[in-house]
Amino acid sequence: MQVFCLLLGLIYFLSPAQGQEVEDYDFDLPKGFARSVINMDELLHLEDDLALNLEQYIEALTQKANTIRMGIQEMVTRHQHRLGPVLKLAWNPFNSYSLIRHMQADWMMWQLYMNKPVGQERLDYLNSKMQEMPQDSDFQDAAEGIRRIQAVYQMSASDIADGLLDGVQYNASLTARDCLEMGRYLMNQSLWDQAKEWINAGIMALNRVDPQPAMQELMGTSKTELLATLRQVLVKLHDSEAALTAYQHALKESSYDAELYQEFLLAEMELLTKPVVNDSQLDDSSEMIETIYCCSGRCELPRELQLYCLYNTTASPFLILAPIKMEILSLDPYIVLFHDVVSHQNMQKIRTGTKSHLIPSSTYNPRTHLYSVAPYRMSKSVWLQWDMNNATMEITTMLKDATALNMNRSEMFQVMNYGVGGLFRTHIDVLLADEVRISQFYDFGILCFQLSEVKQGGGTIFPYLNLTVFPQQGSVLFWYNLDTAGNEEPYVAHAGCPVIVGSKWVMSKWIEDIGQEFNKPC
């Protein structure tokens, strides 16, 4: 019970009653590219525009190069003509004047032409688009997402770099530059062991048989740079011998680099003479990241869960004509999954209707009454009224039939799309203490809609039950926050596992306890 109290004391979450419109936020909302994978479409369109701009820049360079080639050809032809045997015998003032004028004026024109910037309009266009690009904060969000995925699913950096994700091989890989920047991000977090793993993955990426992209050559990622960075990490890990070995390998790659050689000599003297100091702050075990087990769904379920399926025909008279497929995941606490209850048309309508309105998900602090964008909530969301359109009204009617609860005493729908490594920490959907509940409503039931297929990852996990529910498009996960006595149910503490591959769209609805006295008595 102390664990549960600590959990509730540490984490507070956004109450459905506290849903706001965008204009009501009292802080600036970041773009948050990494907080929703739907932003990847925007970036691809932006890159298409920039690639076209680059093509036009090439055309401007080509046009200038062709002009220069034509000028050279004209000068070569004139030069050969002037050196011919006929012209030598007939050298006259007119030819002399022409040559002097050409050398005095035409080459001045060439000087001005060569100094004239090429494609200035294209450069100005690129500069105007820089504010629309991902910023440092976006990269940090994405890198932290990768770190979460690696930690939760226990994957190695080399496997991720090679496209092997939790046992599934994909036709994709990370470049040496990708791995190096990931390692540098971890270095900034003082996660030296993980940084070492990623830099070694970058070195392995350089040794791949497949050719490196042109952009990597432009960035100048070299084995020397990777080894020099690895040396910095090894020094922090107090591995003097390995650090000097990394230096020696780097010198082999750049044997004429005097600066690197001087750095090696200084490091050799320092590492061999300085005593090793055990610094507890360099221990990666002190990092604050929640380890969520069973996200891969490989944990054994307790026998007392008594899983089974049925057609629900009793929750409402309408279900006699149109029963709902229901999967009982747990009886105590009560957790069920309704299958195929949201149509493809309604899911598509909700996704397309909310895509342009999603904003970074925020948390509400009941003590300060303020909202903030939490770094651990890698998602974007928007709130919808139950009667916003035909889709939400049909879904509300379906929920009343499926749960036999009063939907008039429920909160707005919250639609969310998850971003890179969108881990949602283990929590219980509570904001109010027991002594305050007498005067305010309480979220006693939760409905979680799955609005998209997710290829890999993204499950909802109940860690105290070893129960993982993977996204199934059109299904609704339902559970009670209260036990049969009306007390908080600690065993429904749940977490959102990171999405590995795919776009996870979910919609949540919280049901109030007030108004359910006759539908769900204690």
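Shown above is the structure to which this text applies.
Everything numeric here is computed off the predicted structure, so don't read it as measured data. (Residues numbered from 1 in each chain as written. Predicted model: local features only at pLDDT ≥ 70, side-chain atom pairs only at ≥ 80, totals over all residues. Heavy atoms only, no water.)

In this structure, what is going on with the overall build of the protein chain? I would like to understand it.
Of the regular secondary structure elements, the protein chain holds 15 helices and 19 strands. Looking at the 522 residues of the protein chain, the share that counts as buried comes to 43%. Partitioning the contacts of the protein chain with sequence separation of at least 6, the portion at a separation of at least 24 is 75%. Accessible surface computed for the protein chain: about 29,000 Å², of which carbon and sulfur atoms make up 56%. (Helix = DSSP H or I, 4+ residues; strand = E, 2+ residues; numbered from the N terminus. Buried < 20%, exposed > 50% of the residue type's maximum accessible area, 1.4 Å probe, protein only. Contact = heavy atoms within 4.5 Å. Areas by Shrake-Rupley, 256 points an atom, 1.4 Å probe, with all protein chains shown as cover.)

Before we go on, may I ask you to explain the sheet that holds strand β17 (residues 494-496) in this structure?
Strands pair in a sheet through their backbones, by hydrogen bonds, and they do so in one of two ways: parallel or antiparallel. Strand order in the open sheet formed by four strands is β11-β17-β14-β15, with antiparallel pairing between adjacent strands. Sheet topology places β11 (424-427) and β15 (467-469) at the edges, where each strand pairs with a single neighbour. Within the sheet, the average angular offset between the axes of one strand and its neighbour, ignoring direction, is 15°. Where strand β14 (residues 460-462) meets β17, two bridges bridge the pair, whose relative direction is antiparallel. Across the sheet, the residue bridging to threonine 460 is glycine 496, located in β17. (Pairing = 2+ DSSP bridges. Axes fitted to C-alpha atoms, helices over the stretch in contact; angles between N-to-C directions.)

Where do I start with the side chain of asparagine 346 in this structure?
The topology assignment puts asparagine 346 in helix α14 (residues 344-354). Classification of asparagine 346 as buried rests on a relative accessible area of 7%. Apart from the residues lying within four places of it in its own chain, the contact partners of asparagine 346 are Ala391 and Glu394.

I tried to follow the nonpolar core on my own but got confused; where do I start?
Side chains of nonpolar character tend, in soluble globular proteins, to be buried together. Ranked by size, the top nonpolar core spans 39 residues in total, and within it Tyr153, Leu186 and Trp198 carry the most contacts. Contributing elements (two or more residues each) for this core: α6 (136-152), α7 (157-161), α8 (176-188), α9 (192-206), α11 (223-236) and α12 (240-253). Excluding its chain neighbours within four sequence positions, the residues that come into contact with tyrosine 153 are Asp166, Cys295, Ser296, Gly457, Gly458, Cys497, Pro498 and Ile500. In terms of nonpolar packing, the next biggest core, distinct from the first, is built from 32 residues, Met326, Val342, Leu447 and Phe449 among them. (Core = buried A, V, L, I, M, F, W, Y, C linked by side-chain atoms within 4.5 Å.)

Hey, could you run me through the state of the cysteines in this one?
Working definition of a disulfide: a covalent bond connecting the sulfur atoms of two cysteines. Scanning the entire structure with this criterion turns up one disulfide. Here cysteine 295 connects covalently by a disulfide to cysteine 497, the sulfurs 2.0 Å from one another. Taking the torsion about the sulfur-sulfur bond, which here is approximately -85°, the covalent link between cysteine 295 and cysteine 497 counts as left-handed. Remark: cysteine 497 occurs in the loop between β17 and β18 (499-501) and cysteine 295 occurs in the loop between α13 (258-273) and β3 (308-312); sequence separation between them is 202 residues. (Disulfide = S-S within 2.5 Å.)

Mind showing me how you'd approach unusual backbone geometry here?
Glycine aside, the phi torsion of most residues is negative, and most peptide linkages are trans. Note the cis peptide between aspartate 332 and proline 333, where omega equals 5°. Tracing the sequence through the fold places proline 333 in the loop between β4 (324-330) and β5 (335-339). One non-glycine residue, aspartate 166, lies in the positive phi region at around 50°. Taking relative accessible area as the criterion, aspartate 166 reaches 15% and is therefore assigned buried.

Explain the packing of α9 against α11 to me, please; I cannot follow it from the model alone.
Their axes nearest at 10 Å, the elements α9 and α11 cross at an angle of 160°. By the angle between their directions, the pair α9 and α11 is classed as roughly antiparallel. Considering how the two elements wind past one another, α9 and α11 form a crossing that is left-handed. Between α9 and α11, the residues in contact are Trp192, Ala195, Lys196, Ile199, Asn200, Gly202, Ile203 and Leu206 and Lys223, Leu226, Leu227, Thr229, Leu230, Val233, Leu234 and Lys236, respectively. Per-class residue counts for the contact of α9 with α11 are 10 nonpolar, three polar and three charged. (Parallel < 35°, antiparallel > 145°, perpendicular 65-115°, else oblique. Left-handed = near helix turned anticlockwise from the far one by under 90°. Nonpolar A, V, L, I, M, F, W, Y, C, P; charged D, E, K, R; others polar.)

Whenever I open this one, α9 confuses me. Can you help?
Counting along an α-helix, one turn takes 3.6 residues, and residues three or four places apart therefore face a common direction. For α9, with 15 residues, the first-to-last C-alpha span of 21 Å sits near the 21 Å given by 1.5 Å per residue. Every buried residue belonging to α9 is among Trp192, Gln194, Ala195, Trp198, Ile199, Ala201, Gly202, Ile203 and Ala205, and all of these are buried. (Expected span 1.5 Å × (residues − 1).)

Hey, could you run me through the packing of α8 against α11 in this one?
Two packed helices can be described by the angle between their axes and the distance between those axes. Here α8 crosses α11 at 20°, and the two axes come no closer than 11 Å. One finds that α8 runs roughly parallel with respect to α11. Judged by the sense of rotation from one axis to the other, the crossing of α8 with α11 is left-handed. Of the residues in α11, those in contact with Ala176, Arg177, Leu180, Arg184 and Met187 of α8 are Glu225, Leu226, Thr229, Gln232 and Val233. Of the residues in the contact of α8 with α11, the class split is five nonpolar, two polar and three charged.

Explain the packing of aromatic side chains to me, please; I cannot follow it from the model alone.
Tallied over the entire structure, the rule returns 10 aromatic pairs. Ring geometry for tyrosine 334 versus phenylalanine 478: centroids 6.5 Å apart, planes at 80°, classification edge-to-face. Here phenylalanine 478 lies in strand β16 (residues 476-480) and tyrosine 334 lies in the loop between β4 and β5, a separation of 144 residues in the sequence. Its end group placed over the ring of tyrosine 418, lysine 504 keeps NZ or CZ at 4.6 Å from the ring centre. Seen from the ring of phenylalanine 413, lysine 509 lies directly overhead, with NZ or CZ sitting 4.1 Å from the centre. (Phe/Tyr/Trp six-rings, centres within 6.5 Å; stacked < 30°, edge-to-face > 60°. Lys NZ or Arg CZ within 6 Å of the ring centre and 35° of its normal.)

Looking at this structure, I do not really get the environment of leucine 50. What am I missing?
Inspection of the secondary structure puts leucine 50 in helix α2 (residues 39-82). Accessibility expressed as a relative area gives 14% for leucine 50, which makes it buried. Expressed as a C-alpha distance, the spacing of leucine 50 and lysine 129, which sit 79 residues apart in the sequence, is 8.4 Å. With sequence-adjacent residues up to four places away left out, leucine 50 is seen in contact with Tyr125, Leu126, Lys129 and Met133.

Read these as layout, nothing more, since geometry by itself doesn't imply function.
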